[in-house]
Amino acid sequence: MDVSRILVLQEEAAPSREMRLMAFGNPVEFEFRSSGQILQGRPDLDRYDAIVVSQDCEHRALIDSIRENPEPSPPLFLFRSDPPLQEVARWIAWTKARDGADSSVTVRLLSESVEYYSLASLYQKCLKIMSSQDEEKLLSQVTETFAHELDVESCVIWLTSATDPDEMLIASVRGMIAINREGSRFFLSQSPVAEKVMKGEPFVEQSVASGTRFPGPREQHLYVPMMHREKPIGLVKLGTRTERKTFRERDLYVARIIADYASSSWRNVSRLMRMEKVSLRDPETQAYSLAFLSDYFEKERYK
């Protein structure tokens, strides 16, 4: 029986770790190596049906070496956290079983499956954001999700004022942020990024590194509008990525997903807060609300 072989690259991989699985009745073997072992040893990659690489590894050098190879190379899968071994094994076994079928359909289904699996953990975090009903907890979850998923050093969130939709008030801060530089409040219409924010899509801006007087290395900042019914209700500014990596198209795509969930959840929380203010009793303690007591004592004054 034909055995499929898959190479897994992880920085903490044991020198000679191997693993074997069965997928659709076909055996699939995994070989675990570190990126240093692969790049130094120059192994024959043609013997593998697929290569699974952690994004924490030096995968760019491997990609360059594959591109330089004139011969057809095995597909390359990138992952974060734990490697999706069972899923990759199923995909490879299923692809082999469909030899002779339309290759474009196979590639499309394979890429869609990889995309779904790579974003599964992100959607779990977004569901937690949607389930939050507390303002502080929600902002903390949104900030944490942005910082972790996009690997940035800082995150600032502004939200629109309840009295003026053009006024943005700072609501959450994470990382080394100078409030005086960022501004605790600003008017969107007067901001230099107003036109891009109104489009509703994440965008990258370049700026001079803080604390420098002379031209030098410029920092990248990712701006993510929070939209509701095509109107901005907030703005997220993400600082530079760790190790000064640049923002890619995938990062903008992930940021848009988080912002959509955060916007919907914030609208729900805001609606609940308004209902609590006008309700007669507190939903948790069942005590009379401040709005009811204020109205009651105001009427008692004129009796």
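This section reports on the structure supplied with the text. (Residues numbered from 1 in each chain as written. Predicted model: local features only at pLDDT ≥ 70, side-chain atom pairs only at ≥ 80, totals over all residues. Heavy atoms only, no water.)

Digging into the overall build of the chain
Within the chain, the secondary structure is distributed over ten helices and eleven strands. Going through the 303 residues of the chain one by one, you find that 39% of them count as buried. Considering only contacts within the chain whose residues lie at least 6 apart along the sequence, 55% involve residues at least 24 apart. (Helix = DSSP H or I, 4+ residues; strand = E, 2+ residues; numbered from the N terminus. Buried < 20%, exposed > 50% of the residue type's maximum accessible area, 1.4 Å probe, protein only. Contact = heavy atoms within 4.5 Å.)

Description of the side chain of H221
Inspection of the secondary structure puts H221 in strand β10 (residues 218–228). Within the local environment of H221, its side chain forms a polar contact with the side chain of E219, the two groups lying 3.3 Å apart. With residues up to four places along the chain from it excluded, the contact list for H221 reads F203, V204, E205, S207, K237, L238, G239, T240 and F247. (Polar contact = N/O pair within 3.5 Å; in protein donor to acceptor, adjacent residues only side chain to side chain.)

A closer look at the pairing of strand β1 (residues 4–9)
β1 sits mainly inside the fold: five of its six residues count as buried. Sheet analysis places β1 next to strand β3 (residues 26–33), joined by six bridges and oriented parallel. Within β3, the position partnered with V8 by the bridge is F32. The pairing of β1 with strand β4 (residues 50–54) spans four bridges and is parallel. (Pairing = 2+ DSSP bridges.)

Side note on the environment of F77
Its location among the elements puts F77 in strand β5 (residues 76–79). Its relative accessible area of 8% is what places F77 among the buried residues. Spatially, the C-alpha atoms of F77 and Q55 are 9.7 Å apart, while their sequence positions differ by 22 residues.

Overview of helix α6 (residues 135–150)
The end-to-end C-alpha separation of α6 is 23 Å, in line with the 22 Å expected for 16 residues at 1.5 Å each. The distance from a side-chain oxygen at the start of α6 to the backbone nitrogen of E136 is 3.2 Å, and the residue carrying that oxygen is D134. Positioned one or two residues after α6, D151 has a phi angle of 55 degrees, which is positive. (Expected span 1.5 Å × (residues − 1).)

Side note on the environment of L9
The residue L9 is located in strand β1 in this model. Judged by relative accessible area, L9 falls into the buried class, the value being 2%. Along the chain, L9 and R33 lie 24 residues apart, while their C-alpha atoms are 5.1 Å from each other.

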